[in-house]
Amino acid sequence: MMKKLLFTILMMLNVSFVFAQFDNISIIGQFTDWSVDVPMNTSDGIIYTVTSQNFPVSGGAKFRKDNDWAVNWGAATFPSGVGVQNGADIPVPMGTYDVVFNKETGDYIFTQVESVFDNIGMIGGFNEWTESVALTTFDGILYTKDDYQFIANEVKFRKDNSWEVNWGGTTFPSGEAVPGGSNIPLTSGFYNVTFNYSGLNYTFIQVPVSIIGDGAQGWETDIPLQSLDGGVTFTLENITLVDGFVKFRTNASWATNWGSTDFPAGSGTQNGSNIPTVAGTYNVTFNRLTGEYNFATLSVGDFTTSKAKVYPNPSQNVWNFSIENDSIEKIQIVDVTGKIIVDKLISSNLATIDATALTSGIYFAKVKTNTAVQTIKLVRN
């Protein structure tokens with residue numbers, strides 16, 4: 001009986017060890033444009049490590065828990081120091097490092113090692129063809145640079161900041177990277193850049209800007225704006241807001257965001273206050289260079305008597321729209337980048353939009369009626 005009890009206790013302890021969970025500690029910083037956490041490894045929940053981590057640009061870095069700023073550590077010293085809660089950004093020079101962090105004491109050390117990945121960068125008219133701008137990689141295959149402003153046309157990719165190995169192309173915004181090829185005919189603007197070192201192809205996607213907040217569709221849903229000038233000036237027509245707060249941001253991420261205390265017009269600043277909103281329907285303009293924004297009033301009031309409904313949602317085939325005591329004049333379906341996918345005149349209180357040709361994902365329906373405009377989140381399964 002005693003042996004059986006002892007065996008049971010040991011089994012319970014073993015289960016406890018198997019299911020033991022340690023805190024999730026990561027490192028984030030300028031090397032990922034402050035938008036991606038790099039998870040660190042641990043075997044005891046105290047010492048956390050990451051090996052051969054590439055820092056393609058010099059800049060600040062911090063440790064944090066659960067990919068959130070509620071608990072974070074930083075200090076102003078490099079390559080070692082003691083991180084404190086909400087401390088300064090750690091000034092990490094460009095290079096490849098083994099990183100060790102002690103969660104209990106805050107001690108950290110960066111040990112430089114030889115890079116295991118090739119150094120790939122961009123060069124072009126935007127920097128007068130002087131020095132490559134490094135791309136970020138975590139696997140040595142896919143290299144990226146998020147939210148980068150190109151102030152002049154034409155660009156190429158190259159290795160080790162040298163013309164010995166370089167790639168060009170003849171098409172934009174995407175194409176095949178050709179060794180020693182022509183200058184890629186990029187046009188000025190803000191882009192998310194990807195370069196596939198293995199497949200030798202590239203893409204330049206205009207950086208999306210969106211509005212988010214409980215004054216719009218909530219703090220979990222971005223509503224995309226549209227731009228026709230390379231991602232500088234953005235517009236959004238006929239958005240219905242409620243009393244609350246909103247902010248502007250890029251890439252559906254808080255890495256770059258603008259806010260202010262002024263409404264309906266003002267100048268947003270990076271990480272500024274939430275913008276207060278007043279219920280109504282507006283045309284919105286936003287300039288990401290100056291931060292200036294304006295919510296031009298179309299109408300103010302309660303639209304509950306003419307609120308459109310959509311079903312099924314999510315859907316694989318069609319979305320059906322209906323409204324009481326009103327008539328739907330037009331429905332636009334917009335993707336998450338702000339591109340209009342469907343633009344359909346209706347003139348009825350019922351409408352059906354075919355979704356079979358759309359890829360799975362999130363879309364937005366702008367439903368214009370005789371008395372109001374609504375923005376409704378749609379899901380295509």
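Residues numbered from 1 in each chain as written. Predicted model: local features only at pLDDT ≥ 70, side-chain atom pairs only at ≥ 80, totals over all residues. Heavy atoms only, no water.

A.B. asks: What exactly am I supposed to notice about unusual backbone geometry here?
C.D. replies: In this chain, Phe78 is followed by Pro79 through a cis amide linkage whose omega measures 10 degrees. Assignment of secondary structure puts Pro79 in the loop between strand E6 (68-74) and strand E7 (80-82). Of note, the bond from Phe263 into Pro264 is cis; its omega dihedral lies within 30 degrees of zero at 15 degrees. Notably, Glu154 is not glycine yet its phi reads approximately 75 degrees, a positive angle. Structurally, the position occupied by Glu154 is in the loop between strand E15 (142-150) and strand E16 (155-159). (Helix = DSSP H or I, 4+ residues; strand = E, 2+ residues; numbered from the N terminus.)

A.B. asks: Where do I start with the sheet that holds strand E17 (residues 166-168) in this structure?
C.D. replies: Within a beta sheet, neighbouring strands are joined by backbone hydrogen bonds and run either parallel or antiparallel to one another. A sheet is described by the order of its strands in space; here five strands give the open sequence E13-E12-E16-E17-E19, paired in antiparallel fashion. The strands lining the two open edges of the sheet, one partner per strand, are strand E13 (133-134) and strand E19 (178-179). When E16 meets E17, the two strands line up antiparallel, connected through two bridges. Among the inter-strand pairings, Arg158 is bridged to a residue of E17, identified as Asn166. (Pairing = 2+ DSSP bridges.)

A.B. asks: Is there a simple way to think about the confidence of the model for the chain in this case?
C.D. replies: Close reading of the predicted structure is inappropriate where its pLDDT is low. Residues with a pLDDT of 70 or more make up 91% of the chain, whose mean pLDDT is 88. Summarising per-element confidence for the chain, the mean pLDDT is lowest in helix H1 (residues 2-18) (47) and highest in E17 (98). Per-residue pLDDT stays below 50 along residues 5-19; that stretch engages in zero contacts with residues further than four places along the chain or on separate chains. Segment residues 300-305 is flagged for pLDDT under 50; beyond a separation of four residues in sequence, or across chains, it makes ten contacts in the model. (pLDDT = per-residue confidence, 0-100. Contact = heavy atoms within 4.5 Å.)

A.B. asks: Just to check I follow, could you spell out the sheet that holds strand E35 (residues 340-348) for this structure?
C.D. replies: Taken in spatial order, the four strands of this open sheet run E35-E34-E37-E38, and their pairing is antiparallel. What marks the edges here is a single partner per strand, and that holds for E35 and strand E38 (373-380). Strand-to-strand, the axes of this sheet are offset by a mean angle of 20 degrees, without reference to chain direction. In this sheet, E38 lies alongside strand E37 (residues 361-369) in antiparallel orientation, the contact comprising eight bridges. Among the inter-strand pairings, Lys366 is bridged to a residue of E38, identified as Thr375. (Axes fitted to C-alpha atoms, helices over the stretch in contact; angles between N-to-C directions.)

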